[in-house]
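Here are the chains, one letter per residue:
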Amino acid sequence: MKFILGILVVFGGVFGGFVLHGGNMLVIWQPYEYMIIGGAALGAFLIANPLRVVITVLKSIPQLLKGGAKYSREDYLDLLALMYKLFTKARKEGLMGIENDVEEPGESALFQAHPRVLKDHHAVEFITDYMRLIISGSMNPHELDALMDVDLETHHEESERPSHAVYRVADALPGFGIVAAVLGIVNTMGAIGGSIEEIGMKVAAALVGSFLGILLAYGFVGPTSAALESRAQEEAKFLQCIKACILANVQGYSPQVAVEFGRKTMESDMRPGFAELEEHVKAA
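Residues numbered from 1 in each chain as written. Predicted model: local features only at pLDDT ≥ 70, side-chain atom pairs only at ≥ 80, totals over all residues. Heavy atoms only, no water.

## Describing the overall build of the protein chain
Secondary structure assignment for the protein chain yields 13 helices and zero strands. N-terminal to C-terminal, the α/β element order of the protein chain is α-α-α-α-α-α-α-α-α-α-α-α-α. Here the C-alpha atoms of the protein chain give a radius of gyration of 26 Å, more than 25% beyond the 19 Å that 2.2 N^0.38 yields for 284 residues. Expressed along its principal axes, the backbone C-alpha trace of the protein chain runs to roughly 90 × 35 × 30 Å. Counting only contacts in the protein chain whose residues sit at least 6 apart along the sequence, the fraction spanning at least 24 positions is 75%. Looking at the protein chain as shown, the accessible area adds up to about 15400 Å², and 63% of this sits on carbon and sulfur atoms. Here the protein chain carries 23 positive and 33 negative side-chain charges, and the mean point of each set is 4 Å from the other. (Helix = DSSP H or I, 4+ residues; strand = E, 2+ residues; numbered from the N terminus. Rg over C-alpha atoms; globule rule 2.2 N^0.38 Å. Contact = heavy atoms within 4.5 Å. Areas by Shrake-Rupley, 256 points an atom, 1.4 Å probe, with all protein chains shown as cover. Lys, Arg positive; Asp, Glu negative; His and termini not counted. Charge placed at Lys NZ, Arg CZ, Asp CG, Glu CD.)

This is how it looks when you write it as structure tokens:
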């Protein structure tokens, strides 16, 4: 797993270098410093964010640990095949022919044939909402395009809130490390009449607090924020593909050409060739 591998590389590089330089790992183990920094970071995170964002972040971490991109090449091919079949059915049977599929996608044989898309409730909701508007015939392509842009912007802002919330924690962690270090120095002042070894250990504990805040900020929490943002951008790209297909269909292009519009929104490492897409949608 890429995420776990990155964590291991950070640990190996930092602590491995420390040990090879003659450091003693037992000095790093300062549980009360960890408690101060971790507790302050968690408390600030809870204060700053609504409950739904906190829950979303907690749900997103296991997904990061699984690794890999949120959407694969097969997911996009499944999506384009679904859009092709939906547009083809609408062209043959009329828009009313797909009304039941749009109203009850979970019960639709057309959607059930593409489980990769059906399991993504955001994608299904986006498809069905705008196909309903098209069936109603109340909007022209320009109005539909503008409404989709507003919808996508709102969705993107919402999907990026978890990454922003985690980034703010990363931004605050060096400060919490300083807090832990200052408290460690205060503790050291209380033992100023003790032995040199005791005072040295307390100073080391204080410095570990500062070190830990910086390491967590730039080695773990900051990169986690970037990974969450990347997943939000992947979802936005998937919805952009749906938008391109629907708008092309509304403008009168054939189903094959409409899904070609969607193919052009895909990134190069995901994008199938023209012949490959044509063969896939026809086979589906």
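## Description of the pattern of salt bridges
The full count for this structure, using the stated rule, is nine salt bridges. Close ionic contact of R132 with E103 constitutes a salt bridge, the shortest N to O distance being 3.3 Å. A residue pair is termed long-range when its members are at least 10 positions apart, and R132 in helix 9 (residues 121–136) and E103 in helix 6 (residues 99–103) qualify at 29 residues. A salt bridge links D129 to R132; the nearest nitrogen and oxygen atoms lie 3.0 Å apart. Of this pair, D129 and R132 both sit in helix 9, three residues apart, roughly one helical turn. Each member of the salt-bridge network shares a partner with another, and the members are E103, D129 and R132. (Salt bridge = Lys/Arg side-chain N within 4 Å of Asp/Glu carboxyl O.)

## Description of the packing of helix 11 (residues 196–250) against helix 12 (residues 255–264)
The contact between helix 11 and helix 12 brings their axes to 7 Å, and the two run at 150°. If you check the angle between helix 11 and helix 12, you find them roughly antiparallel. Handedness of the crossing formed by helix 11 with helix 12: right-handed. Where helix 11 approaches helix 12, its residues C241, A244, C245, A248 and N249 are matched on the opposing element by A258, V259, F261 and G262. (Axes fitted to C-alpha atoms, helices over the stretch in contact; angles between N-to-C directions. Parallel < 35°, antiparallel > 145°, perpendicular 65-115°, else oblique. Left-handed = near helix turned anticlockwise from the far one by under 90°.)

## A short note on the nonpolar core
L79, M83, I127, M131, I242 and I246 are the most contacted members of the largest nonpolar core, which has 42 residues in total. Secondary structure elements with two or more residues in this core: helix 5 (73–93), helix 7 (109–112), helix 9, helix 10 (141–189), helix 11, helix 12 and helix 13 (274–283). For this core, the leading source of residues is helix 5, giving 11 residues. In this structure, I246 is in contact with M83, F87, I127, Y130, M131, I134, L144 and M148, ignoring residues within four places of it in sequence. Ranked by size, the runner-up nonpolar core spans 19 residues in total, among them V53, V54, V169 and F176. (Core = buried A, V, L, I, M, F, W, Y, C linked by side-chain atoms within 4.5 Å. Buried < 20%, exposed > 50% of the residue type's maximum accessible area, 1.4 Å probe, protein only.)

## Observations concerning the packing of helix 9 against helix 11
Between helix 9 and helix 11, the least distance of the axes is 10 Å, while the angle of their chain directions is 20°. Judged by the inter-axis angle, helix 9 sits roughly parallel to helix 11. As for the relative orientation of helix 9 and helix 11, their crossing is right-handed in sense. Facing H122, A123, F126, I127, Y130, M131 and I134 of helix 9, the residues of helix 11 in contact are E235, F238, L239, I242, K243, I246 and V250.

## A word on the environment of A217
Residue placement: A217 occurs in helix 11. Sequence-wise, A217 and Y167 are 50 residues apart; in three dimensions their C-alpha atoms are separated by 8.7 Å. For A217, the contacting residues outside a window of four places in its chain are A170, L173, P174, G222 and P223.

## What to know about the packing of aromatic side chains
Taken as a whole and judged by the stated rule, the model has nine aromatic pairs. With a centroid separation of 4.0 Å and 5° between ring planes, the pair formed by Y71 and F238 is classed as stacked. Highlighted residues: Y71 in the loop between helix 4 (51–66) and helix 5 and F238 in helix 11, separated in sequence by 167 residues. Since its relative accessible area comes to 6%, Y71 is described here as buried. Its relative accessible area of 1% is what places F238 among the buried residues. Taking 4.9 Å as the distance between ring centres and 55° as the angle between the ring planes, the aromatic pair formed by F126 and Y130 counts as tilted. With a gap of four residues between them, F126 and Y130 both fall in helix 9, about one helical turn apart. (Phe/Tyr/Trp six-rings, centres within 6.5 Å; stacked < 30°, edge-to-face > 60°.)

## As for the confidence of the model for the protein chain
This prediction gives the protein chain a mean pLDDT of 87; 98% of its residues lie at or above 70. Between the elements of the protein chain, mean pLDDT differs from a low of 76, seen in helix 13, to a high of 92, seen in helix 3 (residues 31–48). (pLDDT = per-residue confidence, 0-100.)

## Some words on the side chain of E160
By the secondary structure assignment, E160 is in helix 10. One buried charged side chain, E160, makes no salt bridge at all; its nearest oppositely charged neighbour is R161, positioned 9.3 Å away. Aside from chain neighbours lying at most four places away, what touches E160 is E229, A232 and Q233.

## So, the state of the cysteines
Counted by the stated rule, this structure contains zero disulfides. Summary of cysteine pairing: C241 is not part of a disulfide, and the nearest cysteine sulfur, belonging to C245, is at 4.6 Å. With a relative accessible area of 0%, C241 lands in the buried category. (Disulfide = S-S within 2.5 Å.)

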